[in-house]
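The residues making up each chain are set out below.
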Amino acid sequence: MNPWVDAHNDLLFLAQREGKLLHQLKDSHSDLDRAKTTGIGLQVLALFSLNSDHPGQDILKELTLFFSELTRNDTIRLVKEKEDLKDFKGLKVLLALEGSDILEKDITNLHILYELGVRMLSLTWNHSNALADGALVKRPKGLSEFGKEVVHLTNALGMIIDVSHLAEPGFWDIIEISNRPIIASHSNTKSLCDHPRNLNDDQIKAIAKTDGVIGVTFVPAFIHRSDADIHRLCDHIDHIKSLVGIDHIGIGSDFNGFDGSLPGLERVERLPELFALLANRGYTEEELQKISGKNFIRVFKEII
Ligand SMILES: [Zn+2]
């Protein structure tokens, strides 16, 4: 079967916060075993801390949790190079830094994270840091000189740049200076749900022009103001398809990263129902393969 890709999941953050191991979160939205059983072949796991002044301790704990699971569970593989994106048996994991506060202002820190196996990063979470301003900053500015240096180095190392959470001025700076495809790992469309975490139509077109992918996300507040459910999520997919075509849509659940759940997609086990609903809307098997995994794998192979 064509491996499915989930481009954003906060399992490591949840485990770190709750003081549990990765296989001890059976009541969560999703864990690695359940993701794999459902059909996910590549799971992106975010490294994240809410402690923006001292994120290092949380992120090191999350890395430790991941590497101990990697030792314990021999069906999991860490994706570090293009070769690792073939032959999808078991579950592949790609590590992503969510918000680059931990870099502080030292580019050496990016080299260290790369050596540890991190292959994707977003410059900011919702607030400001030394690189750029996040989506919830009032009157945001674009990238700092250090932010631009980080973009150039991610391009050179072969790391994926994720623009989810970034404010719009920084977004356009990245579009201008990056020479690789850009992804938004977990964002929906502003035309259907006017939320600062979503992308407007110009941004969606700009990502598609880089040959990048937008991972639609299951956070109710990014789907509909009052009435979010799995059907309204399909509307966002329809909208992206109508704007830029099928090659730029993927899935970025944000499971374990938000409170509550999306009616119809409460847990990872229900993911097949999303693809069944899209099939009812006339999506072909080939189109569903692209949305469920092929598009993200195409971009990851090109960059890593
Ligand atoms: Zn996020």
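Residues numbered from 1 in each chain as written. Predicted model: local features only at pLDDT ≥ 70, side-chain atom pairs only at ≥ 80, totals over all residues. Heavy atoms only, no water.

## Side note on the overall build of the protein
Rules: Working definition: helices are DSSP H or I runs of at least four residues, strands are E runs of at least two. Numbering for both runs from the N terminus. Radius of gyration: over C-alpha atoms. The globule rule applied is 2.2 Å multiplied by the number of residues raised to the 0.38 power. Remark: exposure states derive from per-residue accessible area (1.4 Å probe, protein chains only) relative to the maximum for the residue type, with buried under 20%, exposed over 50%, and partly exposed in between. Here a residue-residue contact requires only that any non-hydrogen atoms of the pair lie within 4.5 Å. Note on areas: these come from Shrake-Rupley sampling with a 1.4 Å probe, and a residue is covered only by the protein chains present in the view.
The helix and strand inventory of the protein stands at ten helices and nine strands. For 304 residues, the compact-globule formula gives about 19 Å, and the C-alpha radius of gyration of the protein, at 18 Å, lands near that figure. Seen through its principal axes, the protein has C-alpha atoms that stretch 50 × 45 × 35 Å. Expressed as a percentage of the 304 residues in the protein, the buried residues total 58%. Taking all contacts inside the protein whose residues are at least 6 apart in sequence as the whole, residues at least 24 apart take part in 71%. Of the roughly 12300 Å² that the protein leaves accessible, carbon and sulfur atoms contribute 49%.

## Brief notes about the coordination of the zinc ion
Using the following cut-off: Any N, O or S atom lying within 2.8 Å of the metal counts as a donor, and for Na, K and Ca the limit rises to 3.2 Å; water is left out, so some sites can look incomplete.
Coordination of the zinc ion by the protein is provided by Glu98 (OE), His165 (NE2) and His186 (NE2), with metal-donor distances spanning 2.0 to 2.2 Å. Here the donor residues of the zinc ion are spaced in sequence according to E-x66-H-x20-H. One end of the pair, Glu98, is in the loop between β4 (91-97) and α4 (108-115); the other, His186, is in the loop between β7 (182-184) and α7 (201-209), and 88 residues separate them in sequence. Per residue, the accessibility class of Glu98 equals that of His186, and both read buried.

Just distances and angles here, no functional claims.
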